[in-house]
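Listed here are the chains, written in short residue letters.
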Amino acid sequence: MILYALILRSRDILPLTSTTNYHCSNGESAIDLKLINKIVKSVLKKTDLPKNKCFLRTNDKTYYFLPCLNIICMAMCIPSYPQVLAYSFLEELAGEFTKKYDRFKVEQALRPYNLIEFDTTIHPIQQMYNKPQQLTSRINLAEITRDITLDPPQEVFIVEENNVHTPQVIPPTVRVGPLPTLEPLSFIDKTSLIFTICLIVHSIVIVMDTWRSWTTEEDESLDTGWLHFCSILFRLAQMYVLTHKQMYRWKKGWTLFLVLLVVDWFLYFNDDLWQVILVYVITTLTHTCILRRKIAIKLPQYQI
């Protein structure tokens, strides 16, 4: 659940408004405001993070930060609260705040919590997100998950060095939901793989014939065998790029495509025209399938 929400001005980390319903029945505070303020200042003042989403995990709390225009929204949640819901809450909070207060009103604030009356808006939104069963028809989890997957928040660690808390930022490693995968193979993708395998088998047969007779054949035949062997390797690499998710898929696809065009020309330029066209069509089809097959982003099955 969301325990506490805070909105600050980004240029000087001045708190503008926050949750006020954090007191117990006996009048005592249910949260440590001094500790929260210390953590927030440590994260936002000593690191270059106000421009990026980030989060901090402690033993019993998780702090989420979301910059929006000239403000920064923060939510303190229990560790088990879904990250996608926390950022959805912050986005809705930032949207309501920017609708009510323009940039001039925010910059005009001189004292801390100068806009504390906004708590009347924070409270119902917080209550709604603390009962996520009511959110399924209100928010688009798929869209928020996609945004966080494409632009993941940075995780901040606060370590104690010489009794001084120093925040450290590491590259984003936490993803929301399952890791992204490629879209399922379509009929065209499978067809191109079958044709590519046929070309590979054809080249393997030629390489084996060349290997058996390389002592009696001319050098030209041996060179053709090596070209077919290189063609086998490049086509296997092209199939791997098509079927597996990896970095720089487009660059690898274009490189293999251009290399195969050159190799195919030296292998088949003396053959019939229809053979040359057929090989080029299969190579181009596989390359096109590599370019069109994109990342499939699926909505995680949150228990809400």
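Up top you'll find the structure we're talking about.
Below you will find a few notes about this structure. (Residues numbered from 1 in each chain as written. Predicted model: local features only at pLDDT ≥ 70, side-chain atom pairs only at ≥ 80, totals over all residues. Heavy atoms only, no water.)

Let's talk about a nonpolar patch on the surface
(1) Moving on: Together, Trp226, Phe229, Leu233 and Leu236 make up a nonpolar patch on the protein surface, roughly 410 Å² of accessible area in all.
(2) Moving on: Summarising the element assignment, Leu236 is placed in helix α7 (residues 219-243). (Patch = residues over 30% accessible without salt bridge, like charges linked within 9 Å, V, L, I, M, F, W, Y side chains within 5 Å. Areas by Shrake-Rupley, 256 points an atom, 1.4 Å probe, with all protein chains shown as cover. Salt bridge = Lys/Arg side-chain N within 4 Å of Asp/Glu carboxyl O. Helix = DSSP H or I, 4+ residues; strand = E, 2+ residues; numbered from the N terminus.)

Here's the deal with the nonpolar core
(1) Moving on: Core analysis: the largest hydrophobic core is formed by 33 residues, its most contacted members being Leu16, Phe89, Leu90, Leu93 and Phe97.
(2) Moving on: Among the elements that line this core, the one with the most residues is helix α2 (residues 83-100), at nine residues.
(3) Moving on: Counting 18 residues, the second-largest nonpolar core is a separate cluster that includes Ile13, Cys54, Phe65 and Ile72. (Core = buried A, V, L, I, M, F, W, Y, C linked by side-chain atoms within 4.5 Å. Buried < 20%, exposed > 50% of the residue type's maximum accessible area, 1.4 Å probe, protein only.)

What about the side chain of Arg249?
(1) Moving on: Locating Arg249 in the fold gives a position in helix α8 (residues 249-268).
(2) Moving on: Within the structure, Arg249 has its side chain in polar contact with the backbone oxygen of Ile290 (distance 3.5 Å).
(3) Moving on: Ignoring anything within four residues of it in the chain, the contact list for Arg249 reads Leu182, Val241, Leu242, His244, Ile290 and Arg293. (Polar contact = N/O pair within 3.5 Å; in protein donor to acceptor, adjacent residues only side chain to side chain. Contact = heavy atoms within 4.5 Å.)

Quick word on the side chain of Ser231
(1) Moving on: For Ser231, the location among the structural elements is in helix α7.
(2) Moving on: Judged by its relative accessible area of 0%, Ser231 is buried.
(3) Moving on: Leave out the neighbours within four places in its chain, and Ser231 touches Ser203, Leu260, Val263, Asp264 and Leu267.

Examining the pattern of salt bridges
(1) Moving on: Inspection of the entire model under this criterion finds six salt bridges.
(2) Moving on: Taking the shortest distance from any N to any O, the salt bridge between Asp12 and Arg11 comes out at 3.8 Å.
(3) Moving on: By relative accessible area, which is 29% here, Asp12 ends up partly exposed.
(4) Moving on: Among the residues examined, Arg11 registers a relative accessible area of 55% and is labelled exposed.
(5) Moving on: The salt bridge partner of Asp60 is Lys61, with a shortest N-O separation of 3.2 Å.

Some points on α8
Because an α-helix packs 3.6 residues into every turn, residues spaced three or four apart end up facing the same way.
(1) Moving on: Along its 20 residues, α8 runs 28 Å from first to last C-alpha, staying within 8% of the 28 Å computed at 1.5 Å per residue.
(2) Moving on: Listing the buried residues of α8 in full gives Arg249, Gly253, Leu256, Phe257, Leu260, Val263, Asp264, Leu267 and Tyr268. The arc that holds the buried residues of α8, viewed along the axis, is 145°, so those residues lie on one side. More than 90 degrees from the buried face of α8, the exposed residues found are Lys251 and Phe266. (Expected span 1.5 Å × (residues − 1). Arc of directions from axis to C-beta.)

What about the pairing of strand β2 (residues 14-18)?
(1) Moving on: Burial analysis of β2 places five of its five residues in the buried class, which makes it a mostly covered element.
(2) Moving on: Pairing of strand β1 (residues 2-9) with β2 involves four bridges; the strand directions are antiparallel. Paired with Ile7 across the two strands is Thr17, which belongs to β2.
(3) Moving on: Following β1, the chain reverses through four residues before pairing antiparallel with β2; Ile13 in that reversal takes a positive phi of roughly 60°. (Pairing = 2+ DSSP bridges.)

Remarks on the packing of helix α6 (residues 187-212) against helix α9 (residues 273-292)
The geometry of a pair of packed helices is captured by two quantities: the angle between their axes and the separation between those axes.
(1) Moving on: At a minimum axis separation of 9 Å, α6 and α9 run at an interaxial angle of 140°. If you check the angle between α6 and α9, you find them oblique. Regarding α6 and α9, the two cross each other, and that crossing is left-handed. Contacts between α6 and α9 involve Ile188, Asp189, Ser192, Phe195, Thr196 and Leu199 on the former and, on the latter, Val279, Ile282, Leu285, Thr286, Cys289 and Arg292.
(2) Moving on: Residues that form the contact of α6 with α9 fall into these classes: seven nonpolar, three polar and two charged. (Axes fitted to C-alpha atoms, helices over the stretch in contact; angles between N-to-C directions. Parallel < 35°, antiparallel > 145°, perpendicular 65-115°, else oblique. Left-handed = near helix turned anticlockwise from the far one by under 90°. Nonpolar A, V, L, I, M, F, W, Y, C, P; charged D, E, K, R; others polar.)

Points about the packing of aromatic side chains
(1) Moving on: Per the counting criterion, the structure on display carries eight aromatic pairs.
(2) Moving on: Centre to centre, the rings of Tyr64 and Tyr87 are 5.4 Å apart; their planes meet at 75°, and the pair counts as edge-to-face. Here Tyr64, found in strand β4 (residues 62-68), pairs with Tyr87, found in helix α2; they are 23 residues apart in sequence, far enough to count as distant. Accessibility assignment for this pair places Tyr64 and Tyr87 in one class, buried.
(3) Moving on: Here the aromatic rings of Phe97 and Tyr101 are separated by 4.9 Å at their centres, their planes lie at 45°, and the arrangement is tilted. For the pair Phe97 and Tyr101, one class covers both residues: buried. (Phe/Tyr/Trp six-rings, centres within 6.5 Å; stacked < 30°, edge-to-face > 60°.)

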